[in-house]
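A look at the structure
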Amino acid sequence: MNPDLRSFIDRVAKETPGDLLVVKDALDLRYEPTAYVDELAKRGRHPVFIFENLKEAKFSVVTNVLGSRKRYAFALGTTEDKIMTEWLSRSQRFIPPRIVKEAPIKDCVWKGAEVDLTSLPVLTHFRDDGGPYITSGIVVARDPDTGIRNASFHRCQVKNRDTLGISLHSRRHLWDYQRRAEAKGQNLEVAVIIGCHPLIHFGTGLWRGPIDVDEYDIAGSFLGEPLELISCETVDLHVPAQSEVIVEGEILAGVREDEGPFGEFTGYSSHNSTRHVLKVKAITHRRNAIFQDIVAGFSQEHNGMLAIPAEPRLMEVLAKVVPSVRDVSYPFSGTCRFHCYVSMKKVAEGQPKTAIFSAFAEDTSLKLVVVVDEDIDVHREEEVLWAVATRMQADRGVFVVPRCMGAMLDPSSDAGLTAKMGIDATLPLTGWKAKRCTVPEDARARVKDLIKY
Ligand code: MN
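What comes next concerns the included structure. (Residues numbered from 1 in each chain as written. Predicted model: local features only at pLDDT ≥ 70, side-chain atom pairs only at ≥ 80, totals over all residues. Heavy atoms only, no water.)

**With respect to the overall build of the protein**
Within the protein one finds twelve helices and 23 strands. The C-alpha atoms of the protein give a radius of gyration of 23 Å, which matches the 22 Å a tight globule of 453 residues would have. Dimensions along the principal axes, computed over C-alpha positions, put the protein at roughly 75 × 55 × 45 Å. Here the protein holds 453 residues, and 54% of them are scored as buried. If you take every contact in the protein between residues at least 6 apart in sequence, the share linking residues at least 24 apart comes to 71%. Counting 58 positive and 63 negative side-chain charges, the protein places the centres of these two groups 3 Å from one another. (Helix = DSSP H or I, 4+ residues; strand = E, 2+ residues; numbered from the N terminus. Rg over C-alpha atoms; globule rule 2.2 N^0.38 Å. Buried < 20%, exposed > 50% of the residue type's maximum accessible area, 1.4 Å probe, protein only. Contact = heavy atoms within 4.5 Å. Lys, Arg positive; Asp, Glu negative; His and termini not counted. Charge placed at Lys NZ, Arg CZ, Asp CG, Glu CD.)

Below you can see the structure in the form of structure tokens.
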């Protein structure tokens, strides 16, 4: 049996108990869980939260499952420093799924008039949000021409008992499917997966690749075994058998309705929406389902989901252009999309600029790329800024390229047009005199042995 969300939470509870917080207080679905996560984040704590007693909620709500780099490592069965290697090796195999006939996702089946989205414990995150939002939903659909499946995260706003507002503003594969289905006058059948093991999230919503790859094959690759699927009740699709909640329905052709605003990863309320409408035909769920939320806005969880998969993607590209690139980090402070730190062993002057141009070409959201030497840990922002402070002179180390394509969601951009800044904070290959203070390795090794906590 594939691992599921609850088995992951059980493992966290057993192996890293400090990483799980069960909240029994009676909280409102509106704002209070988000406030709770945010307050602890400000104090440097990023546990998995289980809200057991939300008012008017029939299920527990779990959120912040991917709220720390440590839990990516935990899910991948590795350490934080090896996430990138593990991610790359798991993204490159294809393990086809396998169909099962029975699964707990069919414990409860609501169809027709029984369908009621408003009875699900969907959180409202921010004051200016248009309403309650399903933020963990992986939307599965078939390419209307090839039948190949796509699975991707999309925000879904609960409008009423059987209607979701959905935005396809990333304009990627699902948007393309819907556009082609609509041109044929067809609704696009979809299933929304809510609540599954992180490895399934990694292989579907967090994986990016060509449109002709079936993302269930990649989910299998991340799991290391075939993803078990079960057929839907009302649409011609299959969904992971161990999911917590499934919403089945159709994105309507030729219908648009206002949706949003929604608190985005930038930390600002976004009115950007493609205004699609998803009509729900069935909801199935496990008995005592766990309803999964992803913390919206400028949060560790939301932004980590942008950053952590982007690092191996960019690393692959940079390593081809400048083989001596060592590491890549998308810091939280840069909304995990706009800033990027790269370390390298410079062997020729000018290489940092090559890396910077390659990064801007690969990831159009980037506004700032800082390149440092290999002795700097790019995951420790204070080290990167220390290198900028002590190894860089702005008249030679900084360059700006005006009016490039950037992120639409950046409120400081001019309708998506943005300036790109590159900073080369590497030491010159010759003529540098200052020596970095270091303690001898044997002293460090001895102390490391003594530190048991
Ligand atoms: Mn895709």
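**Section: the state of the cysteines**
Taken as a whole and judged by the stated rule, the model has zero disulfides. Unpaired in this structure, Cys108 has its nearest cysteine sulfur neighbour in Cys232, at a distance of 16 Å. Here Cys404 is not disulfide-linked; the sulfur of Cys340 is the nearest cysteine sulfur, at 16 Å. By relative accessible area, Cys404 is classed as buried at 18%. (Disulfide = S-S within 2.5 Å.)

**Quick look at the coordination of the manganese ion**
Of the protein atoms, only Asn150 (OD1), His173 (ND1) and Glu215 (OE) coordinate the manganese ion, at distances of 2.0 to 2.5 Å. Taken in chain order, the donor set of the manganese ion reads N-x22-H-x41-E. Here the residue His173 occupies a position in helix 5 (residues 173-183), and Glu215 occupies one in helix 7 (residues 215-223), the gap between them amounting to 42 residues. The exposure classification of His173 matches that of Glu215, with both residues buried. (Donors = N, O, S within 2.8 Å, 3.2 Å for Na, K, Ca; no water.)

**Some words on the pattern of salt bridges**
The tally for this structure, following the rule as stated, stands at 40 salt bridges. One salt bridge in this structure joins Asp375 and Arg436, with 2.8 Å as the shortest N-O distance. Of this pair, Asp375 sits in the loop between strand 21 (368-373) and helix 10 (381-391) while Arg436 sits in the loop between strand 23 (417-424) and helix 12 (441-450), and the two are 61 residues apart along the sequence. Residue classification places Asp375 among the partly exposed residues on the basis of a relative accessible area of 37%. In this structure Arg436 comes out as partly exposed when scored by relative accessible area, which is 36%. Its salt-bridge partner being Arg436, residue Glu383 comes within 3.8 Å of it at the nearest N-O pair. Pair noted here: Glu383 is in helix 10 and Arg436 is in the loop between strand 23 and helix 12, with a separation of 53 residues, a long-range link. On the basis of relative accessible area, Glu383 is assigned to the buried category, the value being 14%. Residues participating in the shared-partner salt-bridge network are Asp373, Asp375, Arg380, Glu382, Glu383, Arg391 and Arg436. (Salt bridge = Lys/Arg side-chain N within 4 Å of Asp/Glu carboxyl O.)

**Considerations on the packing of helix 3 (residues 69-76) against helix 4 (residues 83-90)**
For the pair helix 3 and helix 4, interaxial distance at closest approach is 10 Å and the crossing angle is 45°. In terms of their interaxial angle, helix 3 and helix 4 are classed as oblique. Considering the relative orientation of helix 3 and helix 4, their crossing is left-handed. Of the residues in helix 4, those in contact with Arg69, Tyr72, Ala73 and Leu76 of helix 3 are Ile83, Glu86, Trp87 and Arg90. Each residue belonging to the contact of helix 3 with helix 4 can be placed in one class, and the counts come to five nonpolar, no polar and three charged. (Axes fitted to C-alpha atoms, helices over the stretch in contact; angles between N-to-C directions. Parallel < 35°, antiparallel > 145°, perpendicular 65-115°, else oblique. Left-handed = near helix turned anticlockwise from the far one by under 90°. Nonpolar A, V, L, I, M, F, W, Y, C, P; charged D, E, K, R; others polar.)

**A word on the layout of surface pockets**
If a probe the size of a water molecule is rolled over the atoms, the empty space left behind becomes visible. As a volume, the largest pocket reaches approximately 1400 Å³. Lining the largest pocket are 49 residues, and of these Ser170, Arg172, Arg208, Leu306 and Arg337 sit closest to its centre. Among the elements that take part in the lining of the largest pocket, helix 8 (residues 300-321) stands out by supplying seven residues, more than any other. A per-class count over the lining of the largest pocket returns 21 nonpolar, 18 polar and ten charged. When residues are assigned to domains, the lining of the largest pocket turns out to be shared by domain 1 (5-304) and domain 2 (311-424), each giving three or more. Volume-wise, the second largest pocket comes out at about 430 Å³. Here the lining of the second largest pocket gets five residues from one element, more than from any other, and that element is helix 2 (residues 32-42). Residues of the lining of the second largest pocket, tallied by class, amount to eight nonpolar, nine polar and eight charged. (1 Å grid on protein atoms, 1.4 Å probe; cavity = no way out; pocket = protein on both sides within 12 Å on 5 of 7 lines; lining within 4 Å. Points joined across faces, edges and corners; volume = space filled by probe spheres on them. Domains from an automatic or database assignment.)

**Some points on a nonpolar patch on the surface**
Side chains of Val447, Leu450 and Ile451 sit close together on the surface and give an oily, nonpolar patch of about 270 Å² of accessible area. Relative to the helices and strands, Leu450 is located in helix 12. (Patch = residues over 30% accessible without salt bridge, like charges linked within 9 Å, V, L, I, M, F, W, Y side chains within 5 Å. Areas by Shrake-Rupley, 256 points an atom, 1.4 Å probe, with all protein chains shown as cover.)

**Here we look at the environment of Ala219**
Note that Ala219 resides in helix 7. Not counting residues within four places of it along the chain, the set of residues in contact with Ala219 comprises Gly203, Thr204 and Leu227.

**What to know about the pairing of strand 10 (residues 163-166)**
Residue alternation in strand 10 divides its side chains into two sets, Thr163 and Gly165 and Leu164 and Ile166, and both sets are buried. In this antiparallel pair of consecutive strands, strand 9 (residues 156-160) and strand 10, the connection spans two residues. Examined bridge by bridge, strand 10 and strand 17 (residues 276-285) share four bridges and lie antiparallel to one another. The residue bridging Leu164 from the neighbouring strand is Leu278, located in strand 17. (Pairing = 2+ DSSP bridges.)

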